[in-house]
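Take a look at the letters that make up each chain.
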Amino acid sequence: MTKISRLKNNTIYFDNSATSFPKPPAVVDAVVDYMTLVGANPGRSGHRMACEAGKIVFQARKNIAEFFGVKSPMNVIFSSNATDSLNLAIKGILCQDDHVITSSMEHNSIIRPLKMLEDRGIISITVLPGDDSGIISTGELDSAKKNNTKAVIINHMSNVTGIVQPVAEIGKWCKKNNMIFILDCAQSAGIIPIDLKSDSIDMIAFAGHKGLYGPTGTGGLIISDSFDVRKMNPLKEGGTGSMSDKTVQPNFLPDMYESGTLNVAGIAGLSKGVEFLNNMPEKLKSVQLHKVTLQKYFIEKASKRIDGFKSYSASSGFGVVSFTIGGLSVSEITQRLSDDFDIMSRQGLHCSPLAHQRIGTFPEGTVRFSFSVFNTIYEVETALEALKIIRDGK
Amino acid sequence: MRESSVILFHSSNYAMWAVDVLNKNNIENKLIPVPRDLSSDCGYCVMVGYDLIAQAEEFLKRENIEFDRIVDLK
């Protein structure tokens with residue numbers, strides 16, 4: 001905890017949905033240890049340092065596979081972030097004349113690759129509006145289904161409001177209708193338990209640098225044990241350290257989708273981030289309880305104390321609060337929070353124009369506070385006082 | 001491990017997985033660079049004492065860890 005305090009100083013960081021900060025000390029130590037003690041390339045050479053690097057990567061695969069209920073560590077494909085993973089899933093699977101169902105709460109990491117394919121005349125898309133908060137139902141899926149529908153691609157937890165889609169029901173529906181279910185877990189990984197098998201999810205994209213407390217530049221795509229990888233083409237080919245006598249790409253996991261040297265420093269840290277969550281007293285229940293407590297406190301107090309405060313998130317959510325304060329621009333609020341109070345938050349559309357259209361905050365957007373396990377009630381109270389001062393024009 | 005066999009894999013990712021499983025089952029093993037006369041692959045393979053190789057093979061099959069082949073070192 002000493003190291004965390006030193007890193008944080010008096011800064012209050014409420015932008016954890018973008019990238020979590022600070023990181024657990026073990027994450028930082030793992031990155032430094034790799035950079036200073038190991039340093040070599042995994043899976044290429046056969047010397048001691050290369051083996052050590054390979055062990056770090058394997059341990060990370062194993063930790064992540066167990067964390068998401070996948071039996072084979074080989075089904076964990078490392079990438080740079082959730083966007084990278086979603087591009088692989090979307091462009092690797094969808095073919096000419098396929099139809100895709102998605103929701104109105106999507107981040108641009110899903111909607112932009114889909115729109116690009118649509119604009120090029122390759123696929124068609126149906127965007128389900130969902131209920132007032134954007135939550136979709138199996139009834140809507142029934143209505144949107146076409147003969148050529150290949151996949152349902154949605155985010156698990158909104159980065160704007162924190163709403164959570166009913167994944168188990170959607171997974172069951174996809175299985176029944178023989179459709180591929182791709183879930184964007186950029187926001188939910190490390191907060192909500194996810195089990196690919198029990199929820200009938202074919203693949204999930206995750207970010208390593210958010211709720212899993214790893215470094216930036218880490219993420220991955222996890223493929224269920226039952227998914228046939230021949231259905232997904234790689235987006236890049238190249239050196240994998242395997243089958244080096246062949247000039248064609250290997251056709252097995254994970255090498256098929258992992259050309260080029262991996263971000264071992266980042267992966268070393270990510271592995272420790274997952275271990276950090278596994279070592280919490282009640283694992284993700286502890287994370288959820290902490291975030292719900294902070295969110296509830298913030299929304300309830302702000303609603304009473306700050307004139308014109310409006311939250312677009314439920315008070316029972318997992319630490320993502322979008323809000324506006326009547327009469328003040330969101331950029332003015334975040335700038336004053338940063339400049340005058342050293343409180344970091346995010347304003348605008350959060351790369352999710354559809355979601356803001358759905359909740360009626362487009363194009364101005366909202367201010368977003370997103371909490372981590374390292375935030376405290378004291379910090380929330382400090383932010384409440386700061387917002388009151390900004391509101392009252394002092 | 002004077003009399004040993006090596007387990008060759010299509011990818012070093014599987015070699016790492018095999019080491020994890022063998023260690024868990026107390027099968028002494030060692031990662032070594034792939035001998036060039038056996039394979040043109042980059043990376044490493046797993047060396048196991050000749051007396052333990054049948055057991056090692058059984059553990060790998062039980063965990064569905066794919067390997068290329070097993071070769072006795074002379």
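As a reminder, the structure under discussion sits directly above these lines.
The rules behind these values
- Residues numbered from 1 in each chain as written.
- Chains lettered and ligands numbered in written order.
- Predicted model: local features only at pLDDT ≥ 70, side-chain atom pairs only at ≥ 80, totals over all residues.
- Heavy atoms only, no water.
- Phe/Tyr/Trp six-rings, centres within 6.5 Å; stacked < 30°, edge-to-face > 60°.
- Helix = DSSP H or I, 4+ residues; strand = E, 2+ residues; numbered from the N terminus.
- Buried < 20%, exposed > 50% of the residue type's maximum accessible area, 1.4 Å probe, protein only.
- Pairing = 2+ DSSP bridges.
- Axes fitted to C-alpha atoms, helices over the stretch in contact; angles between N-to-C directions.
- Contact = heavy atoms within 4.5 Å.
- Parallel < 35°, antiparallel > 145°, perpendicular 65-115°, else oblique.
- Expected span 1.5 Å × (residues − 1).
- Polar contact = N/O pair within 3.5 Å; in protein donor to acceptor, adjacent residues only side chain to side chain.
- Buried area = accessible area lost by both parts, 1.4 Å probe.
- Salt bridge = Lys/Arg side-chain N within 4 Å of Asp/Glu carboxyl O.

**What to know about the packing of aromatic side chains**
Residues and elements named next belong to chain A.
Working step 1: With the rule as written, the count across this model stands at 17 aromatic pairs over all chains.
Working step 2: Between Tyr213 and Phe374, the ring centres sit 5.8 Å apart and the planes meet at 80°, which makes this aromatic pair edge-to-face. Of the two residues, Tyr213 sits in the loop between strand S7 (203-207) and strand S8 (219-223) while Phe374 sits in the loop between strand S13 (366-370) and helix H12 (377-391), which places them 161 residues apart along the sequence. For the residue pair Tyr213 and Phe374, the accessibility class agrees, reading buried in each case.
Working step 3: Taken together, the ring pairs connect Phe14, Phe298, Phe309, Phe323, Phe369 and Phe371 into an aromatic cluster.

**Overview of the sheet that holds strand S5 (residues 149-155) of chain A**
Residues and elements named next belong to chain A.
Working step 1: Strands sit in the order S2-S8-S7-S6-S5-S3-S4 across an open sheet of seven strands; the sheet is mixed. The two strands at the open ends of the sheet, each matched to only one other strand, are strand S2 (76-79) and strand S4 (123-128). Mean inter-strand twist for the sheet, computed between neighbouring axes without regard to direction, equals 20°.
Working step 2: Bridge count for strand S6 (residues 180-184) against S7 is three bridges, and the pairing is parallel. Pairing of Asp184 across the sheet is with Ala205, part of S7.
Working step 3: Lying on the sheet, helix H3 (residues 48-67) is in contact with S2, S7 and S8; it crosses S2 at an angle near 115°.
Working step 4: Contacts from helix H4 (residues 82-93) reach S2, strand S3 (98-103), S5, S6, S7 and S8, with the element oriented near 155° to S7.

**Quick notes on the packing of H3 of chain A against helix H1 (residues 12-24) of chain B**
Working step 1: Taken N-terminus to C-terminus, the directions of H3 of chain A and H1 of chain B make an angle of 75°; their axes are 9 Å apart at the nearest point. By the angle between their directions, the pair H3 of chain A and H1 of chain B is classed as roughly perpendicular. Here Cys51, Gly54, Lys55, Phe58, Arg61 and Lys62 of chain A of H3 of chain A lie close against H1 of chain B, whose contacting residues are Asn13, Met16, Trp17, Asp20 and Lys24 of chain B.

**Regarding H1 of chain B**
Working step 1: In this model H1 of chain B runs 18 Å from its N-terminal to its C-terminal C-alpha over 13 residues, within 8% of the 18 Å that 1.5 Å per residue would give.
Working step 2: Within H1 of chain B the residues assigned to the buried category are Ser12, Asn13, Tyr14, Ala15, Met16, Trp17, Ala18, Val19, Asp20, Val21 and Leu22 of chain B.
Working step 3: The inward-facing, buried residues of H1 of chain B contact H3 of chain A together with strand S2 (29-33), strand S3 (44-49) and helix H2 (53-62) of chain B.
Working step 4: Residue Ser11 of chain B occupies the N-cap position of H1 of chain B, its side-chain oxygen lying 3.0 Å from the main-chain nitrogen of Asn13 of chain B.
Working step 5: Phi for Asn26 of chain B, located one or two positions after H1 of chain B, is positive at around 55°.

**Brief notes about the interface of chain B and chain A**
Working step 1: Between chain B and chain A, the contact holds 18 residues from the first and 25 residues from the second.
Working step 2: Here chain B packs against chain A, burying approximately 1700 Å² in sum over the two surfaces, 58% of which is carbon and sulfur.
Working step 3: For the interface between chain B and chain A, the tally reads one salt bridge.
Working step 4: Notably, a salt bridge pairs Lys62 of chain A with Asp20 of chain B, separated by 3.0 Å at the nearest N-O pair.
Working step 5: Inspection of the region where chain B meets chain A yields six residue pairs in polar contact (both at pLDDT 80 or more).
Working step 6: Of all the elements in the fold, those that place two or more residues in the side of chain B that touches chain A are H1 and S2 of chain B.

**Here we look at helix H5 (residues 108-119) of chain A**
Residues that lie three or four places apart on an α-helix share one face, since the helix turns once every 3.6 residues.
Residues and elements named next belong to chain A.
Working step 1: Looking at H5, one finds that the buried residues are Asn108, Ser109, Ile110, Ile111, Pro113, Leu114 and Leu117.
Working step 2: Packing partners of the buried residues in H5 comprise H4, S3, S4, S5, S6 and helix H11 (353-359).
Working step 3: In the stretch just after H5, Gly121 is the one whose phi turns positive, near 75°.

**Describing the pattern of salt bridges**
Working step 1: Counting across every chain of the model gives 15 salt bridges over all chains.
Working step 2: Across the salt bridge formed by Glu275 of chain A and Lys272 of chain A, the nearest N and O atoms sit 3.3 Å from each other. Placement of both Glu275 of chain A and Lys272 of chain A in helix H8 (residues 264-278) is noted, with a separation of three residues, approximately one turn of the helix.
Working step 3: Look at Glu275 of chain A and you get partly exposed, because its relative accessible area is 23%.
Working step 4: Among the residues examined, Lys272 of chain A registers a relative accessible area of 32% and is labelled partly exposed.
Working step 5: We note a salt bridge from Glu57 of chain B to Lys61 of chain B, for which the minimum N-O separation is 3.0 Å. Of the two residues, Glu57 of chain B and Lys61 of chain B are both situated in helix H2; the distance of four residues between them amounts to about one turn of the helix.
Working step 6: By relative accessible area, Glu57 of chain B is classed as partly exposed at 25%.

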